[in-house]
Structure formats: structure tokens, C-alpha cells
Amino acid sequence: MKIASWNVNSVRARRERLFRWLATHEADVVCLQELKTTEADFPFDDLRAAGYHAVIHGQKTYNGVAILSRVEATDVERGFGDGGVDTQSRLIAARVAGVRVASVYVPNGQEVGSEKWGYKLAWLGCLRSWLDARCSPGEPLVLCGDFNVAPEARDVYDAAAWESTVLFHPDARSALERVRSWGFTDTLRIHHQEAGLYSWWDYRMLAFPKDNGLRIDHILASEPMARRCTAASIDRQERKGQLPSDHAPVLSEFRDA
DNA sequence: ATGGTTGCTTAGCAA
């Protein structure tokens, strides 16, 4: 099973690129983030024609997450399901061919110390609570998405400079580690140890040509899935050319149970 | 050096 995760930064703006990418990579499951649209404007019909079912937790203008799958998903959950205060569409989970898949868009946090920063750290705490309450480390589970946090210095082009920002601040890294330590393995690091593997580059300041990137998109696997992980990669190619997303897709492959 | 770019929505915000 080939599983991908991609922050498309508007599914409408990325429509052509998305369909071209799906046809090229033939993933079994694709988690999307930052749809920036509701179900009304989501291309369900064209995706069906391309061979994908889709379940989405949409939102107008901001956020929005989806799971595309060759096999139809069941047991769909939208949000933390706690009847709580979270009005932003940042989590969808479902079962696909015996594997539980979650697509998350963690808040960016904007500026350390801001209200949005507090929301980011609280949201990551809610994600850990959701895992504790609704999931088991012993089940086949993959948690995919834009976490808006780079785990380690080797995931950041200039760690010292980025440590004071929301994407690599020690408090953000601690909050991410608290999620990971629930029982996940970072699948990219099963297969690749080198520094400089990035999934996001700022649109500004020639960040991509200079390779000033960070690895903030992750496919985390529970132990039963980590054992089955045979490959992991980042599709840096997709960041090139005219009007790309600012994120590259990340991919991991899993052998059958 | 608070710049620079993209998307949504239409002047300003979010990333």
C-alpha cells in the first residue's frame, strides 16, 4: 500500500497539478491538506473518474482536509469528535482496507507568543488526547499531514535561525514529540538519515532555488505499520515549475500484512 | 534587512 500526504494549498488552485500527480504516482491513499474549500466545490466526480473515492472535512477559505483512496473508506471521523470548541477543519480519519488513516493540518501558529501560537500548542495537545481516547498503538494506523513542525535540526536548513519561529521552536518540537511518543515512528527516518530532506519551502525570498526548506510534512506509523514500511520519499520534483504548492508530497510504502 | 510570494477575496489576512 502506497500512502501519500500533500498540502496542496487550495485544491482548486492546484486542480491540474493534483490530477497529473495522481495519474503519475498511482498511490493507494492520498491525504490532502489546506483544501480551502467545502464539499460543494470539491472535485468528487473527476476524482471518481481518476479512480479515487474521497472523504473530506472541508472549510471555506481556510484549512480543510481529505483522504483519497482507491478502495472506499469507511468509519469516517471528522474533527476530534469531542463536541468541543474546535470549529476549524483540521482532522479527518477513516479506515481504508484494514488500515486506519488520519489526515491532519496542524495550525501554523503564525508568531511565537501570539494567540495562534497558543492554539497550535493546544491543538497538538488535543491530537495526543484524541489518540489516547480513540486509537490504540497496537492497531495499524498512519497519521499523515502538515504538522507545521520540523522534528530535528537535520530537518531545517538553518536550525539556529528557525529555532525562534513557530516551525522549529522548542515548545513546538516538544508538542510534536508528545504526539510521536504515543507510539509512532517517523517513516521517512526508517529509510533515510541524511540532513537536508525538506518538504516545504517558503514562496518568498527564492527559498526553493536556494533550498532553504524544512521538513514539516510527515507520515507517522504505529508499530504494526512501521514494521511493514518498505520505502519512504519526498517528491521534491512537484515543488518545481509554474505555480506549485509551497509543499512537496511525501510518500511511504507498506507491504501487505 | 520585517523584505519577499501565493491564494482567497477584493484590502487585508493567512501562510
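Everything numeric here is computed off the predicted structure, so don't read it as measured data.

Basis of the calculations
- Every chain begins its residue count from 1, and numbering advances along the sequence as written.
- Here the convention is simple: chains get letters from A, ligands get numbers from 1, in the order in which they are written.
- A pLDDT threshold of at least 70 governs which residues receive local features in this predicted model, and a stricter bar of 80 or more applies before side-chain atom pairs are shown or counted, although totals over entire chains, interfaces and linings include all residues.
- Each side-chain value is worked out from all heavy atoms of the structure, with water and hydrogens disregarded.
- Note on pairing: DSSP must find at least two bridges between two strands before they are called paired.
- We count a stretch as a helix when DSSP gives it H or I for four or more residues in a row; a strand needs E for two or more, and each element gets its number in order from the N terminus.
- Angles here are taken between N-to-C directions and fall from 0 to 180 degrees, while the axes themselves are lines fitted to C-alpha atoms, restricted in helices to the stretch in contact.
- Here a residue-residue contact requires only that any non-hydrogen atoms of the pair lie within 4.5 Å.
- To pair, rings of Phe, Tyr and Trp, with the six-membered ring standing in for Trp, must have centres within 6.5 Å; the planes then decide the type, stacked if under 30 degrees apart, edge-to-face if over 60, and tilted in the middle.
- A simple rule labels every residue: compare its accessible area, found with a 1.4 Å probe on the protein chains alone, to the largest value its type can have, and call it buried under 20%, exposed over 50%, or partly exposed in between.
- The term polar contact refers here to a pair of N or O atoms within 3.5 Å; inside protein, the definition further demands a hydrogen-donor-capable atom paired with an acceptor-capable atom, and it admits residues adjacent in sequence only when both atoms are side-chain atoms.

K.L.:
Would you mind showing me how to read the sheet that holds strand β1 (residues 2-7) here?
P.N.:
The six strands lie next to each other as β3-β4-β2-β1-β14-β13, forming an open sheet whose pairing is mixed. Only two strands of the sheet have a single partner each, and these edge strands are β3 (53-57) and β13 (229-234). Going from strand to strand, the sheet's axes swing by 15° on average, the running direction of each strand aside. When strand β2 (residues 29-33) meets strand β4 (residues 65-69), the two strands line up antiparallel, connected through five bridges. Looking at β4, one finds that Leu 32 is bridged to Ala 66. Against the sheet, helix α1 (residues 15-25) touches β1, β2, β4 and β14 (250-254), its axis set at about 160° to β1.

K.L.:
Quick question: what am I supposed to make of the environment of Val 149 here?
P.N.:
Within the fold, Val 149 resides in the loop between β8 (141-146) and α4 (159-162). A sequence separation of 103 residues divides Val 149 from Ser 252, and the C-alpha atoms of the two residues are 19 Å apart. Sequence-distant contacts of Val 149, that is, excluding residues within four places in its chain, are made with Lys 120, Leu 124, Leu 167, Ala 172, Arg 173, Leu 176, Arg 215, Ile 216 and His 218.

K.L.:
Help me understand the packing of aromatic side chains, please; the structure alone is not making it clear to me.
P.N.:
Working definition: an aromatic ring pair is given by the centre-to-centre distance plus the angle between the planes. The final tally for this structure, using the stated rule, is seven aromatic pairs. Between Trp 162 and Trp 200, the aromatic rings sit 6.1 Å apart at their centres with planes inclined by 85°, giving edge-to-face as the arrangement. You can see Trp 162 sitting in helix α4 and its partner Trp 200 sitting in strand β10 (residues 200-201), a full 38 residues away along the chain. Residue classification places Trp 162 among the buried positions, given a relative accessible area of 17%. Trp 200 sits in the buried class, given a relative accessible area of 10%.

K.L.:
Teacher, can you tell me more about the sheet that holds strand β7 (residues 99-105) here?
P.N.:
For sheets, the rule is that strands pair by backbone hydrogen bonds, running either parallel or antiparallel. Taken together, six strands build an open sheet; the order of strands is β5-β6-β7-β8-β12-β9 and the sheet is mixed. A strand with exactly one partner marks an edge of an open sheet, and here the two such strands are β5 (74-78) and β9 (184-186). The sheet shows a mean angle of 20° between the axes of neighbouring strands, taken without regard to direction. When β9 meets strand β12 (residues 217-222), the two strands line up antiparallel, connected through three bridges. Following the sheet pairing, Thr 185 is matched in β12 by Ala 221. Sitting on the sheet, helix α3 (residues 115-134) touches β5, β6 (91-96), β7, β8 and β9, and the angle it makes with β7 is about 165°.

K.L.:
Which parts of the structure should I look at to understand the environment of Arg 154?
P.N.:
Following the sequence through the fold, Arg 154 ends up in the loop between β8 and α4. For the pair Arg 154 and Glu 194, spaced 40 residues apart in the sequence, the C-alpha separation amounts to 7.4 Å. Sequence-distant contacts of Arg 154, that is, excluding residues within four places in its chain, are made with Arg 189, Gln 193, Ala 195, Gly 196 and Tyr 198. At 2.9 Å, the side chain of Arg 154 forms a polar contact with the backbone oxygen of Gln 193.

K.L.:
Mind showing me how you'd approach α1 here?
P.N.:
Residues of α1 that are buried: Arg 17, Leu 18, Phe 19, Trp 21, Leu 22 and His 25. Those residues of α1 that are buried lie in contact with β1, β2, α2 (44-49), β4 and β14. Downstream of α1 by one or two residues, Glu 26 has phi in the positive range, about 50°.

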